[in-house]
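Here is what each chain is made of, one letter per residue.
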Amino acid sequence: MQKQKNVFIQTFGCQMNKLDSELSLGLVRETGYGIATEIGDADIILYNTCSVRAHAEEKVYSHIGALKARKLREPGLIIGVLGCMAQKDGKQVFKRSPHVNLVIGTRMLHKLPDILRSAEECEEHILAVDKDQFFSIPRFVNGHDNGFQNYVSIMRGCDNYCTYCIVPYVRGSEVSRKIDDIYSEVYQLADHGCREVTLLGQNVNSYGKGLDDGSNLARLLQKIGKIDKLERIRFVTSHPKDVTKELLEEMKNNPKICRYLHLPAQSGSDKILQKMNRKYTSKHYKDLVANARKIMPGISISSDFIVGFPGENDADFNETVELLNDVRFFNCFVFKYSPRKGTVASRLKDDIEEKIKKDRNQILLNLQKKISLEENTKLIGSNFDVLVERLNTKTFAPKSTDKPEESFQGNFMGRTKYNHIVIFSGEDSIIGKTVSVKIDNATEFTLYGKQLN
Ligand code: 5AD
Ligand code: SF4
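As the structure is a computational prediction, the values presented were derived from the model and not from experiment.

Of the regular secondary structure elements, the protein chain holds 14 helices and 19 strands. On C-alpha atoms alone, the protein chain measures out to a radius of gyration of 23 Å, which is about the 22 Å that the 2.2 N^0.38 rule sets for 453 residues. In terms of its C-alpha atoms, the protein chain occupies a principal-axis envelope of roughly 65 × 55 × 55 Å. Buried residues in the protein chain amount to 53% of all 453 residues. Restricting to contacts in the protein chain with at least 6 residues of sequence separation, those with at least 24 account for 73%. Summed over its atoms, the accessible surface of the protein chain is roughly 20800 Å², and 51% of this surface lies on carbon and sulfur atoms.

Shown next as structure tokens:
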């Protein structure tokens, strides 16, 4: 009998990719492959890739390049590129890196076991980038993947065509999964020990579009909220133009839904928002945040921003700074604009110098750090329910404070419903449980405390 081949997947990019990798590993395991935890032990190395920015792609090519020598030593080694960059670059990947065996696009991952078998039998390049209409990777809920936190895909693709974004081209148009299928997946997960699900989609607010059964995100949340054993529900990503009153009301009334919205604003300038095809103004955005906070006081709102979009002058950038100051986000992810071939914005001149992009990036990050530290400091003395995720192995000695170091240590790490990361000292065997923690210290990224019960 042939030796069982071991598969290793390295993932780049968003949570959707993480989930795809996890499901792909489940699928190959079910079909007779082993899973390698170290790249050195793998017979099949797969990169699940991201093409949102050029930098993400370069990283993948450099990892692939580093495997050239190993492939010469081990000609039987199978190297594959999966996901967004595979879809976008197709056979160009083989041109640039001939030692790659497989290129598998975003809508062919459910065929991975068959493709791997073919690759074992023939040495030719295999290109699988068809746009199969219906696609979902089956999940095998069993002893292997029953963590207490799981991602669940509820829709795929995006129809928004923000002018800078490659996603609609590589992930295709929006397709929602049936509400009953999602429900039964979450039910099974909860039955196997899952306590928290994060519902995933490029634009979860348009969940239900095209299903013709009246489903929408609010109704999906309501249905899943009835699963007894499930404690917490999160969802990402929301588009500011599509957040409805019904959704906010459902969040308020459903105690299982986390008090957290990731609501990418991208810019504070109406001129830039229009050029990005975001379909809202900065006033709409601010009103939406104010409304969400009125309905759910204390809700954490995080955002993504792109700096250096074509034509972004100092006044436009200042409007973004103003938005950060006004909204006081929980957290911000800031990206330097990266032109993506094929998008509408790539036809505009990338006219903002790299140095200016860098400076603007740094200004926003520093401002957000300051805001996060101020907001987190206000929480010292409060108690939070914390879902304990793992042991904390790091100790942290903050430079910017004269407080004693021991108050910044703890043996566990968990999260509040507001998405704060909490490091705390607590009793044994609480991983996967919810405990009450009193906060006694804070940095911009983390709260620190002690278990109460
Ligand atoms: N350049 C820079 N950032 C981008 N994003 C999407 N496309 C680009 C691009 N071409 C950012 C957006 C999005 C996040 C996932 O990535 O802010 O919300
Ligand atoms: Fe890209 Fe815009 Fe769709 Fe988000 S909403 S995936 S930024 S096109």
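The next subject is unusual backbone geometry. Here the residue pair valine 236 and threonine 237 is connected by a cis peptide bond, since its omega of 0° sits within 30 degrees of zero. Relative to the helices and strands, threonine 237 is located in the loop between β11 (232-236) and α10 (245-253). We note that tyrosine 161 has phi near 50°; this positive angle belongs to a residue other than glycine. As for its position among the elements, tyrosine 161 is in the loop between β8 (155-156) and α7 (167-171). The phi torsion at asparagine 419 lies on the positive side, around 75°, for a residue other than glycine. Taking the relative accessible area as the measure of exposure, asparagine 419 reaches 12% and is therefore buried.

In this section: the site of ligand 2. Around ligand 2, the structure places Cys158, Asn160, Tyr161, Cys162, Tyr164, Cys165, Val167, Pro168, Gln202, His239 and Arg278. Of the residues contributing to the shell around ligand 2, the split by class is seven nonpolar, three polar and one charged.

Before going further, it helps to examine the environment of leucine 447. Inspection of the secondary structure assignment puts leucine 447 in strand β19 (residues 446-451). For leucine 447, a relative accessible area of 0% puts it in the buried group. With 55 residues separating them along the chain, leucine 447 and asparagine 392 place their C-alpha atoms 13 Å apart. For leucine 447, the contacting residues outside a window of four places in its chain are Asn376, Leu379, Phe384, His420, Ile421, Val422, Ile423, Ile439, Asn441 and Ala442.

Across a sheet, paired strands are connected by hydrogen bonds in the backbone, their directions being either parallel or antiparallel. With parallel pairing, three strands are arranged side by side in an open sheet as β7-β10-β11. Edge strands, defined here as strands with exactly one partner in the open sheet, are β7 (149-153) and β11. Taking the axes of each pair of neighbouring strands and ignoring which way they run, one obtains an average angle of 25° across the sheet. For β7 and strand β10 (residues 196-200), the ladder comprises five bridges, and the chain directions are parallel. For tyrosine 151, the partnering residue across the bridge sits in β10 and is threonine 198. Against the sheet, helix α1 (residues 15-30) touches β7, β10 and β11, its axis set at about 100° to β7.

Moving on to the pairing of strand β15 (residues 383-391). Here β15 runs beside strand β18 (residues 434-442); their pairing, made up of five bridges, is antiparallel. When the sheet's bridge partners are listed, aspartate 385 is paired in β18 with serine 436. Examined bridge by bridge, β15 and strand β16 (residues 412-415) share four bridges and lie antiparallel to one another. Considered in β16, the bridge of leucine 387 is made with arginine 415.

What follows is about the packing of aromatic side chains. To describe a pair of aromatic rings, one takes the distance between the centres and the angle between the planes. Scanning the entire structure with this criterion turns up eleven aromatic pairs. By the ring-pair criterion, three or more aromatic residues cluster together here, those being Tyr280, Tyr285, Phe305 and Phe329. Residue placement shows arginine 96 over the ring face of tyrosine 61; its charged tip is 3.8 Å from the ring centre. Cation over ring: lysine 223 sits above tyrosine 183, and NZ or CZ is 5.0 Å from the ring centre.

One can read the domain layout of the protein chain as domain 1 (6-128), domain 2 (149-377) and domain 3 (383-451). A straight line from the C-alpha centre of domain 2 to that of domain 3 covers 26 Å. Taken together, the contact pairs 21 residues of domain 2 with 18 residues of domain 3. At the boundary of domain 2 with domain 3, total buried surface from both sides reaches about 1600 Å², with 50% on carbon and sulfur atoms. On the surface where domain 2 and domain 3 come into contact, there are zero salt bridges. Joining domain 2 to domain 3, the criterion identifies eleven residue pairs in polar contact (both at pLDDT 80 or more). For the side of domain 2 that touches domain 3, the leading source of residues is helix α14 (residues 354-377), giving five residues. Among the residues forming the side of domain 2 that touches domain 3, the class breakdown is seven nonpolar, six polar and eight charged.

Those residues of helix α6 (residues 112-121) that fall on the buried side of the exposure criterion are Leu112, Pro113, Ile115, Leu116 and Ala119. In an axial view of α6, the angular spread of the buried residues amounts to 160°, which keeps them on one side of the axis. Facing away from the buried side of α6, by more than 90 degrees, are the exposed residues Asp114 and Glu121. Residues of α6 that are buried make contact with β1 (6-11), α1, β3 (44-49), β4 (78-83), β5 (102-104) and β6 (126-128).

What follows concerns the site of ligand 1. Neighbouring ligand 1 are the residues Val52, Arg53, Tyr164, Gln266, Asp304, Ile306, Phe335, Lys336, Tyr337, Ser338 and Arg340. Note that an oxygen atom of ligand 1 is positioned 3.0 Å from one of the side-chain N or O atoms of arginine 53. With respect to ligand 1, the side chain of glutamine 266 contributes an N or O atom lying 2.7 Å from an oxygen atom. Here ligand 1 loses 85% of its free accessible area of 400 Å² to cover by the protein chains. At the level of elements, β13 (300-307) and β14 (331-336) are the ones that each hand at least two residues to the shell around ligand 1.

About the criteria used
Residues numbered from 1 in each chain as written. Chains lettered and ligands numbered in written order. Predicted model: local features only at pLDDT ≥ 70, side-chain atom pairs only at ≥ 80, totals over all residues. Heavy atoms only, no water. Helix = DSSP H or I, 4+ residues; strand = E, 2+ residues; numbered from the N terminus. Rg over C-alpha atoms; globule rule 2.2 N^0.38 Å. Buried < 20%, exposed > 50% of the residue type's maximum accessible area, 1.4 Å probe, protein only. Contact = heavy atoms within 4.5 Å. Areas by Shrake-Rupley, 256 points an atom, 1.4 Å probe, with all protein chains shown as cover. Near = heavy atom within 4 Å. Nonpolar A, V, L, I, M, F, W, Y, C, P; charged D, E, K, R; others polar. Pairing = 2+ DSSP bridges. Axes fitted to C-alpha atoms, helices over the stretch in contact; angles between N-to-C directions. Phe/Tyr/Trp six-rings, centres within 6.5 Å; stacked < 30°, edge-to-face > 60°. Lys NZ or Arg CZ within 6 Å of the ring centre and 35° of its normal. Domains from an automatic or database assignment. Buried area = accessible area lost by both parts, 1.4 Å probe. Salt bridge = Lys/Arg side-chain N within 4 Å of Asp/Glu carboxyl O. Polar contact = N/O pair within 3.5 Å; in protein donor to acceptor, adjacent residues only side chain to side chain. Arc of directions from axis to C-beta.

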